[in-house]
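One-letter residues, chain by chain:
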There are 2 protein chains.
Amino acid sequence: MRIKVLGSAAGGGFPQWNCGCSNCDRVRRGLLRGRPRTQAQVAVSPAPATWFLLNASPDLRQQLLQDLEFAPAQHTRGTPISAIILMSADVDGVMGLLHLREFQPLKIYATASVLRVLTEENSLFRSLERSVPPVQWQALPLDQPIPIYQRAGDAVSALTCKAVSLGGGYPDYVSNSLRKQLAKEEAVIGLEFVQDGKKFFYAPSLSGYDENWKCLAKESDLALLDGTFWTDNELIDVRGSGKTAREIGHVPLSGHDGLLARFPSGGKGRRVLIHLNNTNPVLDEESAASKAVRDAGWEVAYDGMEIEL
Amino acid sequence: MRIKVLGSAAGGGFPQWNCGCSNCDRVRRGLLRGRPRTQAQVAVSPAPATWFLLNASPDLRQQLLQDLEFAPAQHTRGTPISAIILMSADVDGVMGLLHLREFQPLKIYATASVLRVLTEENSLFRSLERSVPPVQWQALPLDQPIPIYQRAGDAVSALTCKAVSLGGGYPDYVSNSLRKQLAKEEAVIGLEFVQDGKKFFYAPSLSGYDENWKCLAKESDLALLDGTFWTDNELIDVRGSGKTAREIGHVPLSGHDGLLARFPSGGKGRRVLIHLNNTNPVLDEESAASKAVRDAGWEVAYDGMEIEL
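All chains use their own residue numbering, which begins from 1 and follows the written sequence. For this description, chains carry letters from A and ligands carry numbers from 1, given in the order in which they are written. Totals for whole chains, interfaces and linings use all residues, but because this is a predicted model, local features are given only for residues with pLDDT of at least 70 and pairs of side-chain atoms are given and counted only at 80 or more. Computation of side-chain values covers all heavy atoms of the structure but excludes hydrogens and water.

Undergrad: Help me understand the relation of the copies chain A and chain B in this model?
TA: Mapping one chain copy onto the other needs a rotation about an axis and a shift along that axis. The copies were overlaid with a least-squares fit restricted to C-alpha atoms from residues scoring a pLDDT of at least 70 in each copy. In the superposition of chain A on chain B (RMSD 0.0 Å, axial shift 0.0 Å), the rotation amounts to 180 degrees. A rotation of that kind, with that shift, is consistent with a two-fold axis. Considering only C-alpha atoms, the part of chain A nearest the rotation axis is A:Asn122, at 2.0 Å. We call two residues in contact whenever any of their non-hydrogen atoms come within 4.5 Å of each other. Mapped onto chain B, 100% of the interface residues of chain A are again interface residues, and the two copies thus contact each other with one and the same surface.

Printed below as a string of structure tokens:
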């Protein structure tokens, strides 16, 4: 199984277009030891020329063009992208679907509730239905591994994908009338991929209000987890107002109840942080936070990172 | 008045993510004499640090980051973007609004009908309403110059903006129930900007079914016009099926009834083509079509082009 990180920042990216905070300002001027990052986007490949996109980032067009592995074959229309799996209805995880509207037949998985948000109150996504055949919206069940790829006659190397609830909420934009009808546990999911005995667990939005993630993260060969914020008050400190990290569905990295402290001991896989917000001091490789993350045995994802399991 | 072209291609950009046509394939491999282009995006400035965005391209984040004139001042949150003016409800002209969702107060102009499409059947745009103050949706009347910028105490240098109907239709994604209630003439507009006696006319989607554009284009100091397709059958030739250029609201450039032939004689301003589709032979600077365009006195817009009137 191959995994590519096409984008590694939280919503808004790094730098963020309207932000002049210390991190954004320094990276714009080339004064930060650290990299610019597009919005979080991961792709998984079980076989050559076969890719699954995990979420659909607002920067998806730019991200796909930067890597010739995602280009169509010469003189054809097409794509090596087999399907897209959405993990929430957050704008920064679904907006990129609109980049894929160019008459391309697509299969899109999400929980039944997230599919309702997209198809019942956002007519823009009907632009995906002009392809022949039109987009296939597929409901993804919770806690049930589904086979999403299998080589002909080779059951062993099948790739399965299991969705688990991560305890987050629906985004603010969802109407109150629809919100009442949606299943709470289908709002934000993590994904476990298994192939040839190797396990990859992806959870870019970890609310911390649910312990589902711990076993999956511990047992995985690669845990790619929510690195959005370093502290709970980070957004408030920079903007002067707003919500805490936990209030918007992200357990912060630091502190006695943060992700680094809560990560189960004894796991043997790689632990990598992704979905870093522009305000996170970990983006500055010379910061104490960056050192603390590395000293605790974690890596920090960057655009272009590749991992093979 | 300063004008910047931040993106110059039609929807999908150049290359287009899922297209392996001769143009896309050659530009990907560095074998084309011609430039890659992001999706059409223009900005107009009547004064220093004051910009109006014309449409909101799917590539807007990437486009704004590439030019430090659009960055916020150091240690502030903010933007030199005064307002966004939408010219249709097409995905490639409105999707970029979602790039601007980062709690930034914004003013967005569009015809009353286009505002209804965005706010009544696309809840995603409510993510713009979380700012303080929330986004201001402003209805733009037809055929009536409105002052959108004025320096304190200096009426002469005011910038006015006039919307004119261009005879196009609403995009396929709009629901039938809403479509019946919308004013046909508000579907696709052109914009005339006037400041200090200088005139700039912008019309990236020219259906050709209406003659409104001719006088405005002739009288302008800069006419930035629809260069989407070279021939009426271009999409069908590449894809093997689909609609003609005219059927999707773009008069082709070539032919006795094409834009080049129909452009009124006697105008003294610059004539520039924008919104080039990936299939357009004009993108290949060595093509006969490219030569024909230049011989007819036209320029072709590129990402990063700047014009001062």
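Undergrad: Any chance you could explain the nonpolar core here in plain terms?
TA: Side chains of nonpolar character tend, in soluble globular proteins, to be buried together. Core analysis: the biggest nonpolar cluster contains 134 residues, and A:Ile84, A:Leu225, B:Ile84 and B:Leu225 have the highest contact counts within it. Residues in contact with B:Ile84, not counting those within four places in the same chain, are B:Leu53, B:Asn55, B:Ala56, B:Leu97, B:Leu100, B:Leu106, B:Lys107, B:Ile108 and B:Tyr109. Only buried Ala, Val, Leu, Ile, Met, Phe, Trp, Tyr and Cys residues count toward a nonpolar core, and they belong to the same one when joined by side-chain atoms within 4.5 Å. When accessible area is computed with a 1.4 Å probe and restricted to protein chains, residues below 20% of their type maximum are described as buried, those above 50% as exposed, and intermediate ones as partly exposed.

Undergrad: For this particular structure, what's the right way to read the environment of A:Ser123?
TA: Checked against the element boundaries, A:Ser123 lands in the loop between helix H4 (112–121) and strand E6 (136–139). If we skip the residues at most four places from it in the chain, A:Ser123 touches B:Glu121, B:Asn122 and B:Tyr173. Here a strand is any run of E in DSSP of at least two residues, a helix any run of H or I of at least four, and the numbering for each starts at the N terminus.

Undergrad: What's the story with helix H6 (residues 212–219) of chain A in this structure? I'm lost.
TA: In an α-helix, one full turn covers 3.6 residues, which means residues spaced three or four apart are oriented alike. Among the residues making up H6(A), those that are buried are A:Trp213, A:Leu216 and A:Ala217. Across the axial projection of H6(A), the buried residues extend over an arc of 100 degrees, all falling on one side. What the arc covers is the set of directions going from the helix axis to the C-beta atoms.

Undergrad: What should I look at first to understand the interface of chain A and chain B in this one?
TA: By a widespread convention, an interface's size corresponds to the accessible area lost as its parts come together. Each partner contributes to the interface: chain A provides 60 residues, whereas chain B provides 61 residues. Buried area: the accessible area, evaluated with a 1.4 Å probe, that two parts lose upon being put together, summed over both parts. Among the residues chain A hides against chain B, the three largest losses belong to A:Trp17, A:Arg61 and A:Leu124. Together they make up 18% of the total. Salt bridges are counted wherever a side-chain nitrogen of Lys or Arg sits within 4 Å of a carboxyl oxygen of Asp or Glu. Between chain A and chain B we count two salt bridges in total. Measuring nitrogen to oxygen at the nearest pair gives 3.4 Å for the salt bridge that ties A:Asp59 to B:Arg61. The definition of a polar contact used here is a pair of N or O atoms within 3.5 Å, where within protein one atom must be able to donate a hydrogen and the other to accept one, and adjacent residues in sequence count solely through side-chain atom pairs. Across the chain A-chain B interface, the total number found is 32 residue pairs in polar contact (both at pLDDT 80 or more). Only helix H1 (22–28), helix H2 (60–65) and helix H3 (91–94) of chain A provide two or more residues apiece to the side of chain A that touches chain B.

Undergrad: Would you take a moment to explain the pattern of salt bridges for this structure?
TA: Two side chains of opposite charge can pair, provided their charged atoms sit close to one another. A complete count under the given rule lists 40 salt bridges over all chains for this structure. We note a salt bridge from B:Glu211 to B:Lys214, for which the minimum N-O separation is 2.9 Å. The class of B:Lys214 is partly exposed, set by a relative accessible area of 24%. Among the ionic contacts, a cluster of salt bridges with common partners joins A:Glu211, A:Lys214, A:Asp232, A:Arg246, A:Asp257 and A:Arg262.

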